[in-house]
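# Architecture and fold: a report
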Amino acid sequence: MSLPGPPRRRAMQQLGAVALLLGQSEIAHGASVLAVRLWPATDYTRLTLESDEPLPARHFTTDDPPRLVLDIDALELNPALRDLVGKLRADDPYIAGLRIAQHQPRTVRLVLELKQPVAPQQFALAPVAAYRHRLVIDLYPARPADPLLVLIQERERAQALAAQAVQDALGDFIGKLPSQAPVVAPVMPAAATTAPASAALPAPLRPASGPVAVAAAAPLGADEQLRLNRLVVVALDPGHGGEDPGAVGPNGLREKDVVLAIALRLRERLNALPGVRAMLTRDADYFVPLHERVRKARRVQADLFVSIHADAFITPAARGASVFALSEGGASSSAARWLANKENAADLVGGVNGLALADSEVMRAMLDMSTAAQIKDSLRLGREVLGHIGRVGALHKRGVEQAGFAVLKAPDIPSILVETAFISNPDEEALLRDGEFQQRLVEALLTGIRGYFLRNPPLARQRLL
């Protein structure tokens with residue numbers, strides 16, 4: 001029996017409305033990309049896709065030509081996703097080119113042309129802080145470089161350039177002497193004229209206060225030669241980076257930017273000291289997980305670890321610098337505990353591959369390997385540094401505080417965390433932005449580090465070049 005006309009039309013209209021609602025629901029459940037970011041660095045390049053819903057994705061690589069292909073389901077191209085092509089930099093160490101296309105009606109395909117073989121890691125991050133859902137692809141080198149060898153090669157290149165600069169300056173000076181001036185070179189012994197370029201470095205050019213300064217003319221004993229050749233390594237750790245901006249000042253200064261600028265200045269000053277090399281846990285704007293910062297310092301057998309940060313608090317009145325060491329027990333104050341918890345949460349914002357971390361020895365190291373001897377040495381280092389930075393600006397606390405900072409848990413490296421100033425304080429934010437203040441702070445850190453080494457010579461390990 002057929003329905004009357006009007007009821008049939010009403011039924012069809014209701015069915016149509018249900019179908020339309022189902023279609024809208026299906027569309028609503030499709031993810032939309034909100035932002036795309038590329039973070040190129042020597043260590044690795046990170047590709048981040050931020051979306052309003054989790055992105056189901058899979059990837060594979062090809063060898064000839066070298067490519068990484070990423071297929072993302074339940075997604076359609078939008079302007080935010082197309083912007084990724086314009087974010088690729090020519091100096092990216094890993095990605096040579098990038099293409100995006102609608103591979104299938106509901107699948108977007110990203111093709112990354114690679115500059116070198118990579119070991120990709122793909123993982124998803126749940127919403128945290130200001131971020132929504134994130135799909136992350138990290139491109140690590142298939143064969144990472146030996147960081148200690150890199151430091152040694154950098155030192156050798158710097159020594160060769162310095163020797164060449166001295167020789168060039170000496171030749172230029174001799175060329176400008178008046179023609180009637182007596183010529184010194186002919187009266188020198190013949191052997192001296194055939195000496196290698198490195199022997200041309202005059203003794204006065206070595207800073208007299210340097211920890212390995214010796215008289216060039218005096219023969220060196222075995223112990224003196226050991227001290228001369230020992231490479232002192234200082235690990236500098238600019239906090240945050242990449243996806244994690246750290247604290248942001250009232251006028252927009254980001255912690256990750258200012259601490260990197262300070263660390264780069266300090267590296268330059270440390271590298272100018274004879275027998276000293278500084279290693280940065282990051283030298284550009286990219287994120288390094290907390291455990292990886294510790295691992296980097298241990299891989300180069302660092303003698304010191306200095307983590308550099310800018311403090312922040314809920315009120316703008318807080319001010320002054322602080323220095324922290326690790327604590328085996330509880331924190332030395334409730335403020336220190338609060339700060340440690342905040343800094344230890346950086347991995348959540350910066351984005352860590354949880355599966356890779358779970359399989360790593362470093363996870364156990366972070367939890368178990370703090371030692372009383374390391375803490376004792378860290379407190380000595382902290383007191384040296386705090387005494388000098390207190391002459392540059394205000395101190396928030398006049399003593400070295402202690403708390404359970406994950407980044408300070410290398411068991412065999414004296415480690416401190418320096419909060420340079422309160423970026424949440426408008427006056428101190430302006431100081432942190434000022435290049436002259438940054439340089440004064442660097443000189444204070446340098447003096448504190450040198451003072452520690454003078455009182456605690458790093459002779460325990462022997463690393464000959």
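Residues numbered from 1 in each chain as written. Predicted model: local features only at pLDDT ≥ 70, side-chain atom pairs only at ≥ 80, totals over all residues. Heavy atoms only, no water.

## Some remarks on the layout of surface pockets
Note the following rule: Definitions used throughout: a 1 Å grid over protein atoms alone; a cavity as a set of points that fits a 1.4 Å probe which cannot get out; a pocket as an open set with protein on both sides within 12 Å along at least five of seven lines; a lining residue as one with an atom within 4 Å of a point. Grid points are joined across faces, edges and corners, and a volume is the space filled by probe spheres set on the points. For helices the rule is a DSSP run of H or I covering at least 4 residues; for strands it is a run of E covering at least 2, with both sets numbered from the N terminus onward.
Computed from the structure, the largest pocket encloses a volume of approximately 1,200 Å³. Residue lining of the largest pocket: 43 residues in total, with Asp43, Glu292, Arg295, Lys296 and Arg299 positioned closest to the centre. Put simply, the parts of the chain that give the lining of the largest pocket at least two residues each are strand E7 (118-125), strand E8 (133-141), helix H3 (147-175), strand E10 (276-280), helix H7 (290-299) and helix H10 (354-358). Ranked by the residues each element gives to the lining of the largest pocket, the list is headed by H7, at five residues.

## Topic: the packing of aromatic side chains
What counts, and what does not: A pair of Phe, Tyr and Trp rings is counted when the ring centres sit within 6.5 Å of each other, with Trp represented by its six-membered ring. The angle between the planes then sorts it: under 30 degrees is stacked, over 60 is edge-to-face, the rest tilted. In this scheme, Lys NZ or Arg CZ marks a charge over a ring once it lies within 6 Å of the ring centre and within 35 degrees of the ring normal.
Considering all chains together, one arrives at five aromatic pairs under this definition. Linked through ring pairs, Tyr44, Tyr140 and Tyr286 together constitute an aromatic cluster. In this arrangement the basic side chain of Arg134 is found over the ring face of Tyr131, its NZ or CZ atom lying 4.2 Å from the centre.

## Structural notes on the environment of Ala325
This is how it is decided: The classification of residues rests on relative accessible area computed with a 1.4 Å probe and restricted to protein chains. Under 20% of the type maximum is buried, over 50% is exposed, and intermediate values are partly exposed. Only heavy atoms enter the contact rule, under which two residues are in contact if any of them lie within 4.5 Å.
Following the sequence through the fold, Ala325 ends up in strand E12 (residues 322-326). Residue Ala325 is classed as buried on the basis of its relative accessible area of 0%. For the pair Ala325 and Pro414, spaced 89 residues apart in sequence, the C-alpha separation works out to 8.7 Å. If we skip the residues at most four places from it in the chain, Ala325 touches Ser378, Leu379, Val400, Glu401, Gln402, Ala403, Leu408 and Ser415.

## A word on unusual backbone geometry
With the exception of glycine, most residues fall at negative phi, and the peptide bonds are largely trans. Following Asp64, the chain continues to Pro65 via a peptide bond in cis, the omega torsion being 0°. Along the chain, the position of Pro65 falls in the loop between strand E3 (57-63) and strand E4 (66-73). A positive phi angle, near 55°, is found at Ala74, a position not held by glycine. For Ala74, a relative accessible area of 30% corresponds to the partly exposed category. Of note in this structure, His240 is not a glycine but carries a positive phi near 65°. By secondary structure assignment, the location of His240 is in the loop between strand E9 (232-238) and helix H6 (255-271). Among the residues examined, His240 registers a relative accessible area of 7% and is labelled buried.

## Here we look at the confidence of the model for the protein
Put simply, the rule is: What pLDDT expresses is the predictor's confidence in each residue, scored from 0 to 100.
Averaged over all residues, the pLDDT of the protein is 80; the fraction at 70 or higher stands at 76%. For residues 18-28, every residue scores under 50 in pLDDT, and the model assigns this stretch zero contacts once sequence neighbours within four places are set aside. Confidence over residues 223-229 falls short of pLDDT 50; this stretch has 13 contacts with residues more than four positions distant or in other chains.

## Quick look at empty space enclosed by the protein
Filter applied, for reference: Charged means Asp, Glu, Lys or Arg here, nonpolar means Ala, Val, Leu, Ile, Met, Phe, Trp, Tyr, Cys or Pro, and polar covers whatever is left, Gly included.
Tallied over the full model, the rule gives one cavity of 30 Å³ or more. Around the largest cavity, the lining comprises 16 residues; the ones closest to its centre are Leu290, His309, Glu343, Ala346 and Val407. Partitioned by chemical class, the residues of the lining of the largest cavity number seven nonpolar, five polar and four charged.

## Quick look at the environment of Ile72
As for its placement among the helices and strands, Ile72 is situated in strand E4. Taking relative accessible area as the criterion, Ile72 reaches 0% and is therefore assigned buried. When sequence neighbours within four positions are dropped, the list of residues in contact with Ile72 reads Leu49, Leu55, Pro56, Ala57, Arg106, Thr107, Val108, Leu110 and Leu135.

## Overview of a nonpolar patch on the surface
Filter applied, for reference: Put simply, a patch holds well-exposed residues, over 30% relative accessible area, that have no salt bridge, with like charges counted together within 9 Å and Val, Leu, Ile, Met, Phe, Trp or Tyr side chains within 5 Å. Per-residue accessibility takes into account occlusion by the displayed protein chains alone, with areas from the Shrake-Rupley method and a 1.4 Å probe. Whenever a carboxyl oxygen of Asp or Glu lies within 4 Å of a side-chain nitrogen of Lys or Arg, that contact is scored as a salt bridge.
On the surface, a cluster of nonpolar side chains totalling about 350 Å² of accessible area is made up of Phe313, Ile314 and Trp338. Within the fold, Ile314 resides in the loop between strand E11 (304-311) and E12. When its relative accessible area of 73% is taken as the criterion, Ile314 is described as exposed.

## What about the sheet that holds E8?
Note the threshold: If DSSP finds at least two bridges between two strands, the strands pair. Axes, fitted as lines to C-alpha atoms, cover a helix only where it is in contact. Angles between the N-to-C directions of the axes lie from 0 to 180 degrees.
Spatially, E1-E2-E8-E7 is the arrangement adopted by the four strands of the open sheet, whose pairing is antiparallel. Two strands in the sheet have a free side with no partner beyond their single neighbour: strand E1 (33-39) and E7. Direction aside, neighbouring strands of the sheet carry axes that sit 10° apart on average. Bridge count for E7 against E8 is eight bridges, and the pairing is antiparallel. Residue pairing across strands places Ala124 opposite Leu135, the latter belonging to E8.

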